[in-house]
Amino acid sequence: MKVLESDFALGFIRMADDGWQLGFHERNGGNLSYRIKPSEIEEVREDLTPGEWHDIGAVAGEVAGEYFMVTGSGKFFRNVALAPDEATGIIEISEDGAGYRIVWGLKNGAVPTSELPSHLLNQSVKKRVTGGKSRVIYHAHPANIIALTFILPLDDKIFTRELWEMMTECPIVFPEGVGVVPWMVPGGREIAEASSRLMEEHNAVIWAHHGLFAAGEDFNLTFGLFHTIEKAAEILLKVMNVTDKKRQTITPDDLRHLARAFNVVLPEKYLYD
Ligand code: 13P
Ligand code: ZN
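Undergrad: Hey, could you go over the site of ligand 1 for me, with residue numbers and the actual values?
TA: For ligand 1, the full set of nearby residues is Asn28, Gly29, Gly30, Asn31, Ser73, Gly74, Thr113, Ser114, Glu115, His139, His141 and His210. Within the side chain of His210, an N or O atom sits 3.0 Å from an oxygen atom of ligand 1. With the chains in place, 92% of the 300 Å² that ligand 1 exposes on its own is no longer accessible. Its residues placed into classes, the shell around ligand 1 shows no nonpolar, eleven polar and one charged.

Undergrad: I'd like a description of the packing of aromatic side chains, backed by residues and values.
TA: By the definition in use, this model includes nine aromatic pairs. Ring plane angle 40° and centroid distance 6.1 Å describe the contact between Phe24 and Phe223, whose orientation is recorded as tilted. A residue pair is termed long-range when its members are at least 10 positions apart, and Phe24 in the loop between helix H1 (7-21) and strand S1 (31-35) and Phe223 in helix H9 (residues 219-242) qualify at 199 residues. The exposure classification of Phe24 matches that of Phe223, with both residues buried. Plain terms: the ring middles of Tyr138 and Phe223 are 5.9 Å apart, the flat faces sit at 40° to each other, and that makes the pair tilted. Taken as a pair, Tyr138 in strand S6 (residues 136-140) and Phe223 in helix H9 lie far apart in primary sequence, 85 residues in all.

So, how was this worked out
- Residues numbered from 1 in each chain as written.
- Chains lettered and ligands numbered in written order.
- Predicted model: local features only at pLDDT ≥ 70, side-chain atom pairs only at ≥ 80, totals over all residues.
- Heavy atoms only, no water.
- Near = heavy atom within 4 Å.
- Polar contact = N/O pair within 3.5 Å; in protein donor to acceptor, adjacent residues only side chain to side chain.
- Areas by Shrake-Rupley, 256 points an atom, 1.4 Å probe, with all protein chains shown as cover.
- Nonpolar A, V, L, I, M, F, W, Y, C, P; charged D, E, K, R; others polar.
- Phe/Tyr/Trp six-rings, centres within 6.5 Å; stacked < 30°, edge-to-face > 60°.
- Helix = DSSP H or I, 4+ residues; strand = E, 2+ residues; numbered from the N terminus.
- Buried < 20%, exposed > 50% of the residue type's maximum accessible area, 1.4 Å probe, protein only.

Okay, structure coming up:
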């Protein structure tokens, strides 16, 4: 089968286009990676042509030997659906986890996203902590979350609690809360390591003054998580536009009742008074 006939490639393209439609991707902002299942890669094997090996810039040991569909560096999400074999590609990770080679797409000399170290270290951590279930890492530049990083303290506990209070479904969608990385230079190993440490505990990590990373088992869950967090941030900003005091809100005890009713664990560190 051709890559562009496979369900995983079509799902990847749809998610990229959804992100573009919702305004998460100005210019080349954002990137997406999907850890392809062995059965899926076998289905498209006839369409793969391995290129030269390159250095990743970090060692992604847990995903050595695996294949990923990724967006290209400098590629615009608005073009993914129009020219998927130029804006995206499939890479194979070397057996030592330190190198990659392009096996499909990224035509005309394109290369994988500059955030490949963050994607692969996050993919490694999420693969380990979910027993292999997590497959998608999504990064974009959503305006409301970025705006909040100029206003709220850059603290996991404060971001988590403020976002949970904005919509009753939030604590159910991300009971493990969100992590926050202070401002750092993007595109390298240092920010990749800082993010992946937070991904041990969270499925969403905010990069101050830059954007958001979300992780999940499939395209629906990952996009849904990202969208939920960004919408909660939008509501918080609407409230803050009007007042610096909430007249009423969802209280810590309300959150405890919600957790019992929906069978989720909300860590007590987020339920401070
Ligand atoms: P790329 O075009 O290299 O994926 O970079 C976009 C981005 O969002 C960097 O953080
Ligand atoms: Zn970015």
